[in-house]
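Spelled out from the first residue to the last, the chains are:
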Amino acid sequence: MDPFDAGAGGILRQPKAVWATAGASVVAFMGIGLVDPILPSIAQGLHATASQVSLLFTSYFLITAVAMLLTGFVSSRIGGRRTLLLGLAFVVVFAGLAGTSDSVGQLVGFRAGWGLGNALFVSTALAVIVGAAAGGSAAAILLYESALGLGMACGPLLGAVLGNMSWRYPFFGTATLMAVGFLCITAFLKEQPKPARKTSILDPIKALGHGGLASAAGSAFFYNYTFFTVLAFTPFVLDMTPYRSGAVFFAWGVLLAVFSVVVAPRLQERFGSLKVLGGSLVLLAADVLVLGYGDHTTAVVCTILSGAFIGVNNTVYTELALGVSDAPRPVASAGYNFVRWFAAAAAPYFAPKIEEWTDIHVPFVVAAVTAVLGAVVVVVRRKALTHEAEELEPRHAAEDGVTVFAN
């Protein structure tokens, strides 16, 4: 079945609850790339260094990683809908407070609170979409990846437009949009059934005992270091105005969205998920290496081009994490995200530090090496990453209606 078929079960024909959740997810993902075009402006406005401002990403993703252990614990007790609303409320409050910051320390702290809200919302949103979407998990994952791509594309654009007036305005804009998302979820999403068994904080850690899931998470850890070196460090290398930087990352986000939703499924069907993932990681490594050593125009082109490889990787990794083990999808997703988001926290901190210790090229060499390491894990652990979809799908299909809301 074509997931884009507008008929029953197609990605374009979904219940209002799914569209409300996906729409709010777009705004949530906008928050990740929102600060990209305004990082130099924030540094200038708060008299901070690049490494200090990069902590905006580090605090955000460090809290997000740890919070992954809490999302299932919370949602399995209060329900998916209330967890979504709680996460949105956190984002509204802390995004608004971030716009009032008078120091980097305050801004980093408020971004941490924002990260907690985003973790509660984003992880639960995936579970809600998978459980409520028509057309099964394939259409649901594509819809989620569409929201991710659109959000990652529009975030830098919004950041550029509002940030050109003041670096504070993008934070206020995000708070406003998330408040709208809160109202949409309240209006269109009914409370979902709670799982028969409450999820413990340690369940995601235990799930990583499965070799396939641990391998997917380990490979994604290395990949995410590369991903967020591009996202958090490149704006300082490009050194452009908010509008120009926003345009670059908008084009990057468009490629990310197109390749994650349109190109990746077709490549997987033709070559298989593991070959596509390994090849895409190697190409991403080559791309960031050229980015680090090329002139300014080359750096711009390679930054935009990296969105294509990142889009492919995101889709394949998501499917692997949800299907490679026999753990309930929400638990498997939490364990996988717990591991990979630590790399997203590490890259924004270490990339500018590595530049200070060496030169501007070396952070991209490190990013290229981590992408290759991600591919090496895929090759070495390919047997563990191979799963029998026919055996797992009936189990997951039964879980989607009940326990999927634990993440």
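One can find the structure itself at the top, above this paragraph.
A brief report on the enclosed structure follows. All values derive from a computational prediction rather than experimental measurement.

Thresholds applied
- Residues numbered from 1 in each chain as written.
- Predicted model: local features only at pLDDT ≥ 70, side-chain atom pairs only at ≥ 80, totals over all residues.
- Heavy atoms only, no water.
- Helix = DSSP H or I, 4+ residues; strand = E, 2+ residues; numbered from the N terminus.
- Buried < 20%, exposed > 50% of the residue type's maximum accessible area, 1.4 Å probe, protein only.
- Areas by Shrake-Rupley, 256 points an atom, 1.4 Å probe, with all protein chains shown as cover.
- Salt bridge = Lys/Arg side-chain N within 4 Å of Asp/Glu carboxyl O.
- Core = buried A, V, L, I, M, F, W, Y, C linked by side-chain atoms within 4.5 Å.
- Contact = heavy atoms within 4.5 Å.
- Patch = residues over 30% accessible without salt bridge, like charges linked within 9 Å, V, L, I, M, F, W, Y side chains within 5 Å.
- Expected span 1.5 Å × (residues − 1).
- Phe/Tyr/Trp six-rings, centres within 6.5 Å; stacked < 30°, edge-to-face > 60°.
- Lys NZ or Arg CZ within 6 Å of the ring centre and 35° of its normal.

With that out of the way, let us pick up the overall build of the protein chain. Counting secondary structure elements, the protein chain contains 17 helices and zero strands. Within the protein chain, the proportion of its 407 residues that are buried is 57%. Accessible surface computed for the protein chain: about 15000 Å², of which carbon and sulfur atoms make up 67%.

The next point concerns the pattern of salt bridges. On inspection of all chains with the given rule, the structure shows one salt bridge. A salt bridge links Asp102 to Arg168; the nearest nitrogen and oxygen atoms lie 3.9 Å apart. Here Arg168 lies in the loop between helix 7 (136-163) and helix 8 (169-188) and Asp102 lies in the loop between helix 5 (80-98) and helix 6 (104-132), a separation of 66 residues in the sequence.

Our focus in this paragraph is the nonpolar core. As a rule of thumb, soluble globular proteins bury nonpolar side chains together. Residues Ile42, Phe61, Phe171, Phe228, Leu231 and Trp252 are the most contacted members of the largest nonpolar core, which totals 120 residues. Among residues more than four places away in sequence, those in contact with Phe228 are Ile32, Phe61, Phe233, Trp341, Ala344, Ala347 and Pro348.

There is a patch of nonpolar side chains on the surface, built from Leu157, Val161, Tyr243, Phe250, Val254, Val258 and Val262 and spanning about 510 Å² of accessible area. Top element by residues in the nonpolar patch is helix 11 (residues 242-271). It accounts for five residues. Relative to the helices and strands, Val161 resides in helix 7. Judged by its relative accessible area of 39%, Val161 falls in the partly exposed class.

In this model, helix 1 (residues 16-33) (18 residues) spans 27 Å end to end at C-alpha, consistent with the 26 Å of a helix rising 1.5 Å per residue. Of all 18 residues in helix 1, 15 are buried, a share of seventy percent or more.

Across all of its chains, the model carries 17 aromatic pairs by this definition. With a centroid separation of 5.0 Å and an interplanar angle of 10°, the aromatic rings of Phe61 and Trp341 are classed as stacked. One end of the pair, Phe61, is in helix 4 (residues 55-78); the other, Trp341, is in helix 14 (residues 329-357), and 280 residues separate them in sequence. Summarising the burial analysis for this pair, Phe61 and Trp341 share the class buried. An aromatic cluster is present here, built from Tyr60, Phe61, Trp114, Trp167, Phe171, Tyr223, Phe227, Phe228, Phe249, Trp252, Tyr317 and Trp341 joined pairwise through their rings. Over the face of the ring belonging to Phe73 we find Arg77, whose NZ or CZ atom lies 3.8 Å from the ring centre. The side chain of Arg111 reaches across the aromatic face of Tyr60, ending 4.2 Å from its centre.

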